[in-house]
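Commentary on secondary and tertiary structure
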Amino acid sequence: MRRVRYACPGGPLYVEEAPLPEPGPGELLVRTEAIGVTLPVVRKVAEAAEPVPLGGEIAGVVTAVGDGVSDFATGDRVTGLCLGHGYADHALLHEAMASPVPDEAGAVDAVALVRSGLVALGALEAARPEPGEAVLVTAAASGVGHLAVQLARTRGAGRVVGAVSDPGKADFVRGLGADHVISYGDASWGTPVDYVLDAVGGELLTRALHALVPEGRLVAYSSGGGAIQAYDLLVGAKSVIGFQTARVARGRPELYEQWRRELWRLFVAGEVRPVVHGRFALEDAAKAHGEIEGRSNLGKVVLVP
């Protein structure tokens, strides 16, 4: 089989031939048809001390199953999070991380929707939104952010504000249903909101906190880190909530599955539409990473073996 690797921190990425893996207990062997490119994986290539397998979101067809697999069979269409080598034309997927792909969706739809949608929906749930409240979504044009904008609208947000790195992304975000779009560098972020869903972190955290009304909530789900001053929380009685999908998947699998079903329901109903910025061959994985690194993507970046 073919898979993407790199030999030293920072790359370069290259395609190599590798033996076809055999599924172990509880595992599915999937012939991949689409692979999601995410910011955490891009950062691992640049920052990890040692080369790591490029895992992540995959979708495709089950070609073999390991011992103990009960919910899937050869020929099933699935999507899920691969924790090993996912940038490949075949990948191992644990049954607990897999979900079926409905007939109404293609593999690219599945990769663009499910994992990013779970992050977006989980962050939204962590904010405990009330109907009519105003929300600000940072990285609103990203693979997760563009779904968060739409999901906030389905949950009855009264005003949706998208925050982007480049003003050229404004029309795209408005097309998703945002009422207003601001740029990170704008002098003012406009009327304060009830809650912020932040995917950027770093120095932007302080601005996100200042964008809240008194008693507002900031949900931080970025891998970019960052720090805020306790005083900024005290004076406005504001809250910061950390969210990570992995903790929900491990600790509350029934809720994780409920969210997956909800995402597919909204997709089939046409209430949420994942947008694919670009499709790249495995040989062009470096170009796909470049789209993420350069913050030029409008929606999801996908590899297609």
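Structural data are supplied above this passage.
Right, let's walk through the structure included here. (Residues numbered from 1 in each chain as written. Predicted model: local features only at pLDDT ≥ 70, side-chain atom pairs only at ≥ 80, totals over all residues. Heavy atoms only, no water.)

Let us look at the overall build of the protein. A tally of helices and strands in the protein yields 9 helices and 15 strands. For 305 residues, the compact-globule estimate of 2.2 N^0.38 gives 19 Å, and the protein sits close to it at 19 Å. Projecting the C-alpha coordinates of the protein onto the three principal axes gives extents of approximately 60 × 40 × 35 Å. Counting across all 305 residues of the protein, residues that qualify as buried make up 53%. Considering only contacts in the protein between residues 6 or more positions apart, those separated by 24 or more positions represent 64%. Put simply, the protein shows about 13,200 Å² of open surface, and 51% of that area lies on carbon and sulfur atoms. One finds the centroid of the 28 positive side-chain charges in the protein at a distance of 4 Å from the centroid of its 36 negative side-chain charges. (Helix = DSSP H or I, 4+ residues; strand = E, 2+ residues; numbered from the N terminus. Rg over C-alpha atoms; globule rule 2.2 N^0.38 Å. Buried < 20%, exposed > 50% of the residue type's maximum accessible area, 1.4 Å probe, protein only. Contact = heavy atoms within 4.5 Å. Areas by Shrake-Rupley, 256 points an atom, 1.4 Å probe, with all protein chains shown as cover. Lys, Arg positive; Asp, Glu negative; His and termini not counted. Charge placed at Lys NZ, Arg CZ, Asp CG, Glu CD.)

Here helix α2 (residues 107-126) contains 20 residues, and its C-alpha end-to-end distance of 28 Å stays within 8% of the 28 Å for a straight helix at 1.5 Å per residue. The principal kink in α2, of about 35 degrees, is found at G117. Counting buried residues in α2 gives 18 out of 20 residues, a clear majority hidden from the surface. Directly beyond the C-terminal end of α2, a positive phi value near 50 degrees is found at R128. (Expected span 1.5 Å × (residues − 1). Bend = angle between axes of the 7 residues up to and from the residue.)

Now for the pairing of strand β9 (residues 159-164). Most of β9 is tucked away, with 6 of its 6 residues classed as buried. When strand β8 (residues 134-137) meets β9, the two strands line up parallel, connected through 4 bridges. Note on β9: the bridge partner recorded for V135 is V160. Alignment of β9 against strand β10 (residues 180-183), held across 4 bridges, turns out to be parallel. Paired with V161 across the bridge in β10 is H180. Regarding the hand of the β-α-β motif, the stretch spanning β9, helix α4 (residues 170-175) and β10 is right-handed. (Pairing = 2+ DSSP bridges. Right-handed = clockwise from strand over helix to strand, strands pointing away.)

Among the structural elements, S183 can be located in strand β10. Beyond its immediate chain neighbours, meaning those up to four positions away, S183 contacts V164, D166, P167 and W189.

Turning next to the pattern of salt bridges. Evaluation of the coordinates by the stated rule reveals 15 salt bridges. Among the salt bridges present, the one from D171 reaches R174, with a minimum N-O distance of 3.2 Å. Of the two residues, D171 and R174 both sit in helix α4, 3 residues apart, roughly one turn of that helix. On the basis of relative accessible area, D171 is assigned to the exposed category, the value being 63%. Here D284 makes a salt bridge to K287, at a shortest N to O gap of 4.0 Å. You can call K287 exposed: its relative accessible area is 54%. Overlapping salt bridges bring together R3, R5 and E16 as one network. (Salt bridge = Lys/Arg side-chain N within 4 Å of Asp/Glu carboxyl O.)

For helix α1 (residues 39-47), the complete set of buried residues consists of V41, V42 and V45. Looking straight down α1, one finds its buried side chains confined to an arc of 105 degrees; they lie on one side. Where α1 is buried, its residues meet β1 (2-6), β2 (13-17), β3 (27-37) and α9 (285-293). (Arc of directions from axis to C-beta.)

Take unusual backbone geometry next. Put simply, G11 and P12 share a cis peptide bond, and its omega is 10 degrees. Locating P12 in the fold gives a position in the loop between β1 and β2. One non-glycine residue, A139, lies in positive phi territory at about 50 degrees. Inspection of the secondary structure puts A139 in the loop between β8 and α3 (145-154).

For the rest of this paragraph, the subject is the packing of α2 against α3. Between α2 and α3, the shortest axis-to-axis distance is 9 Å and the interhelical angle comes to 55 degrees. One way to sum up the angle between α2 and α3 is to call them oblique. Seen along the crossing, α2 lies across α3 with a hand that is right-handed. Facing α2, whose interface residues are A112, L113, S116, G117, A120, L121 and L124, α3 presents L147, A148, L151 and A152. Considered class by class, the residues forming the contact of α2 with α3 number 9 nonpolar, 2 polar and no charged. (Axes fitted to C-alpha atoms, helices over the stretch in contact; angles between N-to-C directions. Parallel < 35°, antiparallel > 145°, perpendicular 65-115°, else oblique. Left-handed = near helix turned anticlockwise from the far one by under 90°. Nonpolar A, V, L, I, M, F, W, Y, C, P; charged D, E, K, R; others polar.)

So, on to a nonpolar patch on the surface. Nonpolar side chains collect at one region of the surface, where Y231, L234 and V235 lie side by side and expose about 380 Å² of accessible area between them. Note on placement: L234 falls in helix α6 (residues 230-236). (Patch = residues over 30% accessible without salt bridge, like charges linked within 9 Å, V, L, I, M, F, W, Y side chains within 5 Å.)

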